[in-house]
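So the chains spell out like this:
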Amino acid sequence: MGIAADLADDIAGDWHAALAALAWQVESGADEVIVDAPVNRYELAVQAPKPAATNPAPQATPAVLVQVDAAAVARAAANAARSLDDLRAAMIGFDHCDLKKGARNTVFADGNPAARVLILGEAPGADEDREGRPFVGRAGQLLDKMFAAIGLSRTSPDAATALYITNVLPWRPPGNRDPEPAEIAMMLPFVERHIALVDPEVIVVVGNTPLFALTGQKGILRARGNWTTALGKPMLPMTHPAYLLRNPAAKREAWADLLSLKARLS
Ligand code: URA
């Protein structure tokens, strides 16, 4: 075999090895690129800070460890927002939530801010992250159909038949994992300010995450259909449309919840 043929074999070998490594990562659940180059965490461990010497040389300037209270920063930024545009800018500028690093877009909201009904979801998925709008994937299409069945739409210019839609988190959790309580607590000031600025007549929470965020309560299957109060407003918990896609039999209860919403609005 000549040198050129050896080289061709090497390249082909690398290509197959790279393809096999990629297939293994996809199989293991990796579905997006977080950084450009691989990080060898074993090497990082070797480079970890060495224990202090028994007799350390005195430092000229003592290091100051500043711990940021991210929820307090969020609260100050949210409360300073006088309009939805201000709030969107404040969220885009908020750098304390790690989810932002892996997201393509800050998904703020969609629909008519004059709407009587505000729907609060969980967090963007892959489609929403790509488009920068909430509920545009399969679950979002079902959500649109469900509310259209009682005459409500996010595209309606008329407040009486309009919807406003937002999420607890504006950034997609990697691999669509459930949001962590610390992430929810950190972003809650923005959610509260968002709802105060829109000032809807009624809030509909879809799924466990927004139910937990606004009430501290867990268990959407028990809570659904039972009107309660959150942030001083009537709130209806409903199952998430993604759950309904996986459990079509639960659509009957969701329909009952929609009729209850319709009755409340009239
Ligand atoms: N699920 C949600 O809770 N929100 C979205 O925006 C999309 C899917």
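Look up: the structure comes first, before these words.
The residue count restarts for each chain, going from 1 along the sequence in the order it is written. For a predicted model such as this one, the threshold for reporting local features is a pLDDT of at least 70, and the threshold for listing and counting side-chain atom pairs is 80 or more; totals across whole chains, interfaces and linings nevertheless cover every residue. Water and hydrogen atoms play no part in the side-chain values, which are based on all heavy atoms of the structure.

**Student:** Looking at this model, I keep getting lost on the packing of aromatic side chains. Mind explaining?
**Tutor:** Describing an aromatic ring pair means giving the distance of the ring centres and the angle of the ring planes. Planes of paired rings set the category: under 30 degrees apart is stacked, over 60 is edge-to-face and the rest tilted, where pairs are Phe, Tyr or Trp rings (Trp by its six-membered ring) whose centres lie within 6.5 Å. The tally for this structure, following the rule as stated, stands at one aromatic pair. When the ring of Phe94 is compared with that of Phe190, the centres are 5.2 Å apart and the planes differ by 70°; the resulting orientation is edge-to-face. On the criterion of sequence distance, the pair formed by Phe94 in the loop between α4 (84-92) and β1 (109-111) and Phe190 in helix α7 (residues 181-198) is long-range, its members being 96 residues apart. Only protein chains enter the accessibility calculation, which uses a 1.4 Å probe; a residue is then buried when its area is under 20% of its type maximum, exposed when over 50%, and partly exposed in between. According to the relative accessible area criterion, Phe190 is buried, its value standing at 1%. Across from the ring centre of Trp227, 4.2 Å away, lies the NZ or CZ of Arg264, which sits over that ring. Starting at the N terminus, helices and strands are each numbered in turn, a helix being any DSSP run of H or I of at least four residues and a strand any DSSP run of E of at least two. Here, a charge over a ring means that NZ of Lys or CZ of Arg falls within 6 Å of the ring centre while also lying within 35 degrees of the ring normal.

**Student:** Is there a simple way to think about the sheet that holds strand β6 (residues 233-238) in this case?
**Tutor:** Pairing between the strands of a sheet is mediated by backbone hydrogen bonds and can be parallel or antiparallel. Pairing between strands requires that DSSP locate at least two bridges from one strand to the other. Ordered by their spatial adjacency, six strands build an open sheet running β1-β3-β2-β4-β6-β5, and the pairing between neighbours is mixed. The sheet is open, and its two borders are formed by β1 and β5 (228-230), each paired with just one other strand. Strand-to-strand twist in this sheet, taken as the mean axis angle between neighbours without regard to direction, amounts to 30°. The sheet contact formed by β5 and β6 spans three bridges and is antiparallel. Within β6, the residue paired with Ala230 across the bridge is Lys233. In the packing of α7 onto the sheet, the strands contacted are β1, β2 (117-121), β3 (163-167), β4 (202-206) and β6, and the crossing angle to β3 comes to about 170°. Comment: axis = line fitted to C-alpha atoms, over the contacting stretch for helices; angle = value between 0 and 180 degrees taken between N-to-C directions. We call two residues in contact when some of their heavy atoms are within 4.5 Å.

**Student:** Got a minute to help me understand the packing of α7 against helix α8 (residues 208-215) in this structure?
**Tutor:** Pairs of packed helices are described in terms of their axes, by the angle between the two and the distance that separates them. The interhelical angle for the contact between α7 and α8, taken along N-to-C directions, is 80°, at an axis separation of 10 Å. The angle between the axes of α7 and α8 places the two elements in the roughly perpendicular class. Residues Ile184, Leu188, Val191 and Ile195 of α7 lie in contact with α8, whose contacting residues are Thr209, Phe212, Ala213 and Leu214. Should an angle fall under 35 degrees it is taken as roughly parallel, and over 145 as roughly antiparallel, whereas 65 to 115 is taken as roughly perpendicular and any remaining angle as oblique.

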